[in-house]
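Secondary and tertiary structure notes
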Amino acid sequence: MALEPPADSRTPRDELADTTAHGLLYLRRLRQRQLTLSILALVAFGALVGVLPLAIDLLPALRRIHLLGVPVAIWLVVVPASPVFLALAILYTRRADTLDEDFRELVRRR
Amino acid sequence: MIAILAVAGVTVGTLGLGALGIRLARTTSDLLVASRAVTPWWNAAAISGEYLSAASFLGIAGLEMQNGTTALWQSLGFTAGYLALLLFVAAPLRRFGSYTIPDFAEARLRSPRLRGLVSVGVLLIAGFYLVPQLKGAGLTLGVVTGAPYFVGVLAVGLVVAINVALGGMRGITYVQAFQFWLKVFAIAVPACLLLIHLGGLPARAALFGDRLPSAGPHGLVVRLGSPQPVTFPASTPYAITPLRGGAAHAFRAAAGARVTLPAGLLRLPAGAAVPVATGTQALRGSEWATPVGGSGERSPVFVYSLLIATFLGTMGLPHILVRFYTNPDGPAARRTTVRVLGLLGVFYLFPGVYGALGRALTPQLYITGSTDTVVLRLPQAAWPGTVGNVLGAITAAGAFAAFLSTSSGLLVSISGTISHDVWPRLARASANTSTVRRRRFRTAAALGMVAPIVVAFFAQGIDIGLLVGWAFALAASTFCPLFLLGIWWPGLTARGAAVGMVAGGVVATAGILIGIALAEPTGLAGALLAQPALVSVPIAFVAMIAVSLRSTEHFVPDAEMLALHAPEGLDLPDLGVRDPFVLGPRAAG
């Protein structure tokens, strides 16, 4: 103990660098937040795109109604998924980067 | 002739850009991960270029024409895979700093033995993915030049092996990016021009009504080079003229008749429903246009199983993950993946157009069962003359770019695994200098192409979609649980990972093999045998978790979790896996 600097001069970053129990607690919290965010995005993906096969199977009207000469069901498979992916991806990335940034600020403070 | 020039141009361009890379590839680290200095846009285009393979460029349209719009779910799944990669894998894996899947397995679970098992998986998946690429090349060159099948296989195999051995990944990054844009151009421009030329979708009754695919208003003449077993879906008169000349023989087939048509010129009258190659099914327009509904390979169970395989399998494809290590850090890996999602979304708008137009305008492909070539043959059929020839040349060039780029990425993975994982084990005593490693990588690139070329020679009759679907199911059932649990669950053990990967891989493979043995079983079982991911992926996860919880290994992966999840910029000591190529030589053996 005598060789270590006084406790009040150590930042959480130092704890993290030494993988102490204290530092790892911070890391675990970050990991859980990131995982929660990813699962949230996954649920959104399931709700927006994952239900498509079921919806098309259960709603025959989607196959009968034509849009620009092509059944709506086919449009639904080809077109809307990509913009949804892109929007989800951008939102997720922004939020994940923010979580990382918050973590950096948290562990650097004294 | 134009098509031959276009294909040659793509090949020469690939070699040229590869040669540009040779001058830049100085160290082994350059060869393998391009020294991690590739910008997100370049990297995203390169990843997309590498990813768009024969299955995307030819396979989706061919399968759509054959089996109906169910095939379009593939393109959705192929894109969705990158969302899963972004959400769960991209940033942590990049931070971890290991470069191959075997590296990750060994470092995260501290088990050199697991590394061996994972290396076998990498070689299997990459090898099986490489065979359909070479097969597609053989088919394409055959359509364009009339060359025998093996010429295209050998040509693409040689070009890729030379390019990878000399340029490695640095060269490949620019080649792949170039090929992505080439492929988008080659699929989008002909599709749009053909739609404008035709004024929309023709023969709508065959597409969305109750018609079977039929001969056009002037009838249909098809040259059969060899006897062709077919099924007539409707009662149809037809005539056959022998190839050597002579009188035409007129016949009438009853509905449902199975006939082996002799070689010769087959003539069908205007509006007659075309016979289909035995083993395939003639669909009425309304069935064809239903993306999901019914049983077997149109059932919701099959569609969801396919989506699971592609959604989770993408992250387990060895040639894709390797490229994420060329990002400088975790956030860059995220940004790259977002761009990939955007780029792929553009490409996958177009393959469906070819399948639909092909059903209306090239029904002769049903007779020979060669719907896989619809992207190549459609332009000449839809727009006879110079324009059609030019557009056909463009799609042929794009298809060739697809084979070249995907094969390159796969070969980089194969040679990386051989030179880095397999070879050092076999030659423990020899020195492990960077010169030796570079020589090994280059030799492995040459050797790694031999087996897939040999298999492709014999695989002419095997469906492209079958091999690709198997690769995705296998990746989703083995490497996906390894990554998801390894990154997010500290409790995963080496024993659990090994048992789970073997269980998932065996179930997935067995399902597909049994499905082939039973010759297209129907119903729920048929759907799950054809695409077993819905069963095999949960089995792999459950096995990994259960065995890990019961195993007696007692190590807490604190340093590993820190390396995976700690953000950049904290100046943490390097606690993760040491990158043997960047940080110094790895101890031999």
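I will try to describe carefully the structure that is included in this document. For every chain, the first residue of its written sequence is number 1, and the numbers climb from 1 along that sequence. Lettering of chains starts at A and numbering of ligands starts at 1, both following the order in which they are written. For a predicted model such as this one, the threshold for reporting local features is a pLDDT of at least 70, and the threshold for listing and counting side-chain atom pairs is 80 or more; totals across whole chains, interfaces and linings nevertheless cover every residue. Side-chain descriptors were evaluated using all non-hydrogen atoms of the structure, hydrogens and water having been removed beforehand.

Let us now look at the overall build of chain A. Each helix corresponds to a stretch of at least 4 residues labelled H or I by DSSP, and each strand to a stretch of at least 2 residues labelled E; elements are numbered beginning at the N terminus. Helix and strand counts for chain A stand at six helices and two strands. Counting from the amino terminus, chain A carries its helices and strands in the arrangement α-α-α-α-β-β-α-α. Relative to its length of 110 residues, chain A is extended, with a C-alpha radius of gyration of 24 Å against a globular reference of 13 Å. Along the first, second and third principal axes, the C-alpha atoms of chain A reach 80 × 20 × 15 Å. Any residue under 20% of the maximum accessible area for its type is buried, any over 50% is exposed, and the rest in between are partly exposed; the area is computed with a 1.4 Å probe on protein chains only. Looking at chain A as a whole, 39% of its 110 residues qualify as buried. The contact criterion used is simple: two residues touch if any of their non-hydrogen atoms lie within 4.5 Å. Long-range pairs, those at least 24 residues apart, make up 60% of the contacts in chain A with a sequence separation of at least 6. We get accessible surface area from the Shrake-Rupley algorithm with a probe of 1.4 Å; when it comes to residues, only the shown protein chains can shield them. Summing over all exposed atoms, chain A offers an accessible surface of approximately 6,400 Å²; the carbon and sulfur share of this is 66%. A gap of 8 Å separates the mean positions of the 14 positive and 11 negative side-chain charges of chain A. In this description the radius of gyration comes from C-alpha coordinates, and the expected globular size is given by 2.2 Å times residues to the power 0.38. Charged residues are defined here as Lys and Arg on the positive side and Asp and Glu on the negative side; His and the ends of the chain fall outside this count. In plain terms, the charge of a residue is placed at NZ if it is Lys, CZ if Arg, CG if Asp and CD if Glu.

Stacked, tilted and edge-to-face pairs are distinguished by plane angle, under 30 degrees for stacked and over 60 for edge-to-face with tilted covering the rest, among Phe, Tyr and Trp rings (Trp via its six-membered ring) whose centres lie within 6.5 Å. Per the counting criterion, the structure on display carries 16 aromatic pairs over all chains. Ring geometry for Phe347(B) and Tyr348(B): centres 5.4 Å apart, planes at 85°, overall edge-to-face. Since its relative accessible area comes to 0%, Phe347(B) is described here as buried. Three or more aromatic residues joined by ring pairs form one cluster here, namely Tyr51(B), Phe57(B), Phe78(B), Tyr82(B), Tyr129(B), Phe347(B), Tyr348(B) and Phe472(B). Comment: the charge-over-ring label is applied if NZ (Lys) or CZ (Arg) is within 6 Å of the ring centre and within 35 degrees of the ring normal. The cationic tip of Arg29(A) hangs over the ring face of Tyr26(A); the distance from NZ or CZ to the ring centre is 6.0 Å.

Moving on, we get to the pattern of salt bridges. Residues and elements named next belong to chain B. In what follows, salt bridge is the name for a side-chain nitrogen of Lys or Arg lying within 4 Å of a carboxyl oxygen of Asp or Glu. The tally for this structure, following the rule as stated, stands at eight salt bridges over all chains. With a closest N to O distance of 3.0 Å, Arg 95 and Glu 568 form a salt bridge. Taken as a pair, Arg 95 in helix α6 (residues 90-96) and Glu 568 in the segment after α25 (558-565) lie far apart in primary sequence, 473 residues in all. The salt bridge involving Glu 106 is made with Arg 115; its shortest N-O contact spans 2.2 Å.

Let us look at the sheet that holds strand β6 (residues 264-268) of chain B. All names here are of chain B. When DSSP locates at least two bridges between a pair of strands, those strands are taken to pair. In space, the four strands of this open sheet follow the order β1-β6-β3-β4, with antiparallel pairing throughout. Each end of this open sheet is capped by a strand with a single partner; those strands are β1 (220-224) and β4 (249-253). Direction aside, neighbouring strands of the sheet carry axes that sit 25° apart on average. As defined by bridge partners, strand β3 (residues 236-241) adjoins β4 across five bridges and the pair is classed as antiparallel. Within β4, the residue paired with Tyr 238 across the bridge is Phe 251. To get an axis, a line is fitted to the C-alpha atoms, and for a helix only the part in contact is used. The angle between two axes follows their N-to-C directions and goes from 0 to 180 degrees.

How big an interface is tends to be stated in terms of the accessible area lost upon association of its parts. Taken together, the contact pairs 49 residues of chain B with 49 residues of chain A. Buried area is a sum: the accessible area each of two parts loses on coming together, probed at 1.4 Å, counted once for each and added. Carbon and sulfur atoms make up 75% of the surface buried where chain B meets chain A, a total of about 4,100 Å² over both sides. Among the residues chain B hides against chain A, the three largest losses belong to Arg334(B), Trp488(B) and Leu570(B). Together they make up 15% of the total. Polar contacts, as counted here, are pairs of nitrogen or oxygen atoms within 3.5 Å of one another; within protein the pair requires one atom able to donate a hydrogen and one able to accept it, and residues that are adjacent in sequence qualify only if both atoms are side-chain atoms. Here chain B and chain A share eight residue pairs in polar contact (both at pLDDT 80 or more) between them.

Let us look at helix α4 (residues 54-67) of chain B. All names here are of chain B. Along α4, the helix axis deviates most sharply at Ile 60, where the bend reaches about 30°. Most of α4 is tucked away, with twelve of its 14 residues classed as buried. Those residues of α4 not exposed but buried are Ala 54, Ala 55, Ser 56, Phe 57, Leu 58, Gly 59, Ile 60, Ala 61, Gly 62, Glu 64, Met 65 and Gln 66. Positive phi shows up at Gly 68, right after α4, with a value of about 100°. Take the seven residues that end at a residue and the seven that start at it, fit an axis to each, and the angle between those axes is the bend at that residue.

Nonpolar cores were defined as sets of buried Ala, Val, Leu, Ile, Met, Phe, Trp, Tyr and Cys residues, with membership established by side-chain atoms within 4.5 Å. Residues Trp73(B), Tyr82(B), Leu83(B), Val89(B), Ile367(B), Leu482(B) and Phe483(B) are the most contacted members of the largest nonpolar core, which totals 202 residues. Residue contacts for Tyr82(B): discarding those within four places in its chain leaves Ile47(B), Tyr51(B), Thr314(B), Ile320(B), Phe324(B), Thr337(B), Val340(B), Leu341(B) and Leu344(B).

The next point concerns helix α20 (residues 450-458) of chain B. Taken as a whole, α20(B) has its buried residues at Pro452(B), Ile453(B) and Ala456(B). Across the axial projection of α20(B), the buried residues extend over an arc of 100°, all falling on one side. To obtain the arc, one takes the directions from the helix axis to the C-beta atoms.

This paragraph deals with empty space enclosed by the protein. Here a cavity means grid points, on a 1 Å grid over the protein atoms only, where a 1.4 Å probe fits yet cannot get out; a pocket means an open set of points with protein on both sides within 12 Å along at least five of seven lines; lining residues are those with an atom within 4 Å of a point. Grid points are joined across faces, edges and corners, and a volume is the space filled by probe spheres set on the points. According to the stated counting rule, one finds three cavities of 30 Å³ or more in the structure shown. By volume, the largest cavity is sized at about 70 Å³. As for the largest cavity, its lining consists of Gln34(A), Tyr92(A), Leu86(B), Leu87(B), Phe88(B), Val89(B), Pro92(B), Arg95(B), Arg334(B), Trp488(B), Leu564(B) and His565(B). Mapped onto the lining of the largest cavity, the elements with two or more residues apiece are α5 (72-88), α6 and α25 of chain B. If you tally residues by element for the lining of the largest cavity, the top one is α5(B), at three residues. Residues are grouped as follows: Ala, Val, Leu, Ile, Met, Phe, Trp, Tyr, Cys and Pro are nonpolar; Asp, Glu, Lys and Arg are charged; every other residue, Gly included, is polar. By residue class, the composition of the lining of the largest cavity is eight nonpolar, two polar and two charged.

Function-wise, these values are silent; they only describe arrangement.
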